[in-house]
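# Commentary on secondary and tertiary structure
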Amino acid sequence: MSKGIFTPTNQIRLTNVAVVRLKKGGKRFEIACYKNKVVSWRNKTEKDIDEVLQTHSVFLNVSKGQVAKKEDLMAAFGMDDQTKICEEILTKGELQVSEKERHQQLDEVFKEIATIVADKCVNPATKRPYPVGIIEQAMKDTHVSVKANKTSKQQALDVIKHLKEAKIIEIERARMRLRIAIGGRLAR
């Protein structure tokens, strides 16, 4: 009988983990959650805390599996009810986002900005809108940086000004057309 690799049975493997951290009372407390569910909990679309948390334990370090002591919880939160403490950490704590996710978010915002600019601007010579790809390329050529904390519409208006000044492509705001139709009885 061959001996296989020994794996401990009391060890819980946490996969698809998002760590939410809260610093309180001089110590850092962490909880292990599901990535997608943290955002829905904060938007109030997810109501069930069991769907959000992977385990109802409060950790000092999730990756090392160091569970917070009851004395530390009492000192920082004034209670030792793990679920209520988890709720507080979920609402007030900061969600750790990986570099890949952050890069993907910035790419999405970049494309959204380019789409808004393409919708609002035209080529002054032909009065036709630019394709999104050309706007994206012009944004890359002028080294436009995307900020995660500003709205994409606000950044799009800044990008329009920036592209006009850089003169890589001829661009101007599209004129709005209004058609007013008045019925026969009202047109006096």
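Report on the accompanying structure. This one's a predicted model, so the numbers in the text were calculated from it and none came from an experiment. (Residues numbered from 1 in each chain as written. Predicted model: local features only at pLDDT ≥ 70, side-chain atom pairs only at ≥ 80, totals over all residues. Heavy atoms only, no water.)

In this section: the layout of surface pockets. In this structure, the largest pocket occupies an estimated 370 Å³ of space. If you trace the largest pocket, you find 17 residues lining it, with Lys-35, Gln-96, Val-97, Ser-98 and Glu-101 closest to the centre. Broken down by secondary-structure element, the contributors of at least two residues to the lining of the largest pocket are strand S1 (17–24), helix H1 (35–42) and helix H5 (99–120). Element by element, the count of residues in the lining of the largest pocket is highest for S1, at 4 residues. Here the lining of the largest pocket is composed, by residue class, of 7 nonpolar, 6 polar and 4 charged. (1 Å grid on protein atoms, 1.4 Å probe; cavity = no way out; pocket = protein on both sides within 12 Å on 5 of 7 lines; lining within 4 Å. Points joined across faces, edges and corners; volume = space filled by probe spheres on them. Helix = DSSP H or I, 4+ residues; strand = E, 2+ residues; numbered from the N terminus. Nonpolar A, V, L, I, M, F, W, Y, C, P; charged D, E, K, R; others polar.)

Another point: the side chain of Gln-155. Inspection of the secondary structure puts Gln-155 in helix H7 (residues 152–166). Note on Gln-155: relative accessible area 5%, which makes it buried. Of the polar contacts made by the side chain of Gln-155, one reaches the backbone oxygen of Lys-147; its length is 2.7 Å. Apart from the residues within four sequence positions on either side, Gln-155 is in contact with Val-109, Ile-113, Ser-145, Val-146, Lys-147 and Lys-150. (Buried < 20%, exposed > 50% of the residue type's maximum accessible area, 1.4 Å probe, protein only. Polar contact = N/O pair within 3.5 Å; in protein donor to acceptor, adjacent residues only side chain to side chain. Contact = heavy atoms within 4.5 Å.)

The next subject is the pattern of salt bridges. With the rule as written, the count across this model stands at 7 salt bridges. With its nearest N and O atoms 2.6 Å apart, the salt bridge here joins Lys-24 to Glu-88. Of this pair, Lys-24 sits in strand S1 while Glu-88 sits in helix H4 (residues 82–92); the two residues are 64 residues apart in sequence, bridging distant segments of the chain. With a relative accessible area of 26%, Lys-24 lands in the partly exposed category. By relative accessible area, Glu-88 is classed as buried at 14%. Note that Lys-92 and Glu-88 form a salt bridge whose closest N and O atoms lie 3.6 Å from each other. With Lys-92 and Glu-88 both in helix H4 and 4 residues apart, this pair spans about one turn of that helix. Judged by its relative accessible area of 57%, Lys-92 is exposed. Members of the salt-bridge network, linked through shared partners, are Arg-21, Arg-28 and Glu-30. (Salt bridge = Lys/Arg side-chain N within 4 Å of Asp/Glu carboxyl O.)

A few words on the packing of H1 against H4. Following both chains from N to C, one finds H1 and H4 inclined at 85°, their axes separated by 9 Å at the closest point. In terms of axis orientation, H1 runs roughly perpendicular to H4. Seen from H1, the contacting residues are Val-38, Trp-41 and Arg-42; seen from H4, they are Glu-87, Ile-89, Leu-90 and Thr-91. Of the residues assigned to the contact of H1 with H4, the class counts are 4 nonpolar, 1 polar and 2 charged. (Axes fitted to C-alpha atoms, helices over the stretch in contact; angles between N-to-C directions. Parallel < 35°, antiparallel > 145°, perpendicular 65-115°, else oblique.)

Residue pairs three or four apart in sequence face the same way in an α-helix, which turns once every 3.6 residues. Its 22 residues place the ends of H5 32 Å apart at the C-alpha level, agreeing with the 32 Å of an ideal helix rising 1.5 Å per residue. Of the surrounding elements, those touching the buried residues of H5 are strand S6 (121–122), helix H6 (132–141) and H7. (Expected span 1.5 Å × (residues − 1).)

Core analysis: the biggest nonpolar cluster contains 20 residues, and Ile-113, Val-117, Ile-135, Met-139, Val-159 and Ile-171 have the highest contact counts within it. Counting residues per element, the ones that place at least two in this core are H5, H6 and H7. If you tally residues by element for this core, the top one is H5, at 7 residues. If we skip the residues at most four places from it in the chain, Val-159 touches Ile-113, Val-117, Met-139 and Val-144. Within the second largest apolar cluster, 19 residues are counted, among which are Val-52, Ala-76, Phe-77 and Leu-90. (Core = buried A, V, L, I, M, F, W, Y, C linked by side-chain atoms within 4.5 Å.)

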